[in-house]
Amino acid sequence: PININNYSLRDVAQYCAMDVYYTRRLYFLQREQLLKDKALLRVFKELLMPASNALVDVELNGVYLDPDKYQKVLAQVDGLVKEQEKILLSYKNINWNSTQQVAKYLFGELKLEILETTKKGAPSTNSESVLPRLKDSHPVIPVLIKYREQIKLKQFLVSWGGFLDKSHRMYPTVKLTGTVTGRLSNSDPNLQQVPRDVLVRSLITAPEGWELREADYSQIELRGAAMLSGDRTMRRAYQAG
């Protein structure tokens, strides 16, 4: 990434000015094209822009993380990682983060069944497709599965720490047009892929004096279909409750 501190104020100002200039030129070009397509203009004005403005507010406000609980959960997960690693080392003194060493131990020494191979032809130790099917083959497998789960959880929590500011907030980028299906997508960090772990999810909360509320639409797709289609039976069903 470019470090703005390596450039003079004049260079930075000129860059910003040109950025605004070309964005403004694009505005007039795209406005002219939109005005030629009334249907698309309506979608743009009544759907996309209001949604975009709402997401800007979401991004600017950020997501609050309980700082004290964050440190406690991180320490707890780190403790579980070390605990599982200690058990694994009692079975075999190897680097349990090395897939090659783990594969050599499981399939070379323990002679466990090779269920899958990697693209290079080596025995796979995949945590999702291989290890669960081997968990009854040897007592080390359930420990390895739990170890990898906690490692992944720890890495996830540590990554969050890199996005926190002094007010204990993260400011993810919410993309309105990030998927082909029309659903929202999220990055830096991706808060739409938070692990299904109660401790981790409980970290996202509201600061003191505020409340965090969750809301969901009831049968929104069917209601949308009733509104757009104008179907009398569907509309009557919703109007009558």
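Our structure's up above, just so we're on the same page.
Quick summary incoming for the structure in this document. Here the structure is a predicted model, which is why all the values come from computation and not from measurement. (Residues numbered from 1 in each chain as written. Predicted model: local features only at pLDDT ≥ 70, side-chain atom pairs only at ≥ 80, totals over all residues. Heavy atoms only, no water.)

With that settled, consider the environment of Leu 115. Residue placement: Leu 115 occurs in the loop between α4 (99-109) and α5 (131-134). Sequence-wise, Leu 115 and Pro 67 are 48 residues apart; in three dimensions their C-alpha atoms are separated by 43 Å. Leu 115 has contacts with Val 130, Arg 133 and Leu 134, leaving out every residue within four places of it along the chain. (Helix = DSSP H or I, 4+ residues; strand = E, 2+ residues; numbered from the N terminus. Contact = heavy atoms within 4.5 Å.)

Before going further, it helps to examine the environment of Ser 218. Structurally, Ser 218 is set in the loop between α7 (198-201) and α8 (220-229). Classification of Ser 218 as partly exposed rests on a relative accessible area of 45%. Between the alpha carbons of Ser 218 and Leu 35 there is a distance of 35 Å; along the sequence they are 183 residues apart. (Buried < 20%, exposed > 50% of the residue type's maximum accessible area, 1.4 Å probe, protein only.)

Contact pair α4 / helix α6 (residues 140-161): the axes reach a minimum separation of 13 Å and the direction vectors enclose 165°. Considering their axes alone, α4 and α6 lie roughly antiparallel with respect to each other. Regarding α4 and α6, the two cross each other, and that crossing is left-handed. Residues Thr 99, Val 102, Tyr 105 and Leu 106 of α4 lie in contact with α6, whose contacting residues are Val 140, Ile 141, Leu 144 and Arg 148. Its residues assigned to classes, the contact of α4 with α6 comprises six nonpolar, one polar and one charged. (Axes fitted to C-alpha atoms, helices over the stretch in contact; angles between N-to-C directions. Parallel < 35°, antiparallel > 145°, perpendicular 65-115°, else oblique. Left-handed = near helix turned anticlockwise from the far one by under 90°. Nonpolar A, V, L, I, M, F, W, Y, C, P; charged D, E, K, R; others polar.)

The subject of this paragraph is the packing of aromatic side chains. Going through the model one piece at a time under the given rule, you end up with four aromatic pairs. Arranged with centres 5.1 Å apart and planes meeting at 65°, the rings of Tyr 21 and Tyr 22 form a pair that is edge-to-face. Residue Tyr 21 is classed as partly exposed on the basis of its relative accessible area, which comes to 42%. Overall, Tyr 22 belongs to the partly exposed group, its relative accessible area being 45%. Pairing Trp 96 with Tyr 105 gives two aromatic rings, centres 5.7 Å apart and planes at 85°, and the pair type is edge-to-face. (Phe/Tyr/Trp six-rings, centres within 6.5 Å; stacked < 30°, edge-to-face > 60°.)

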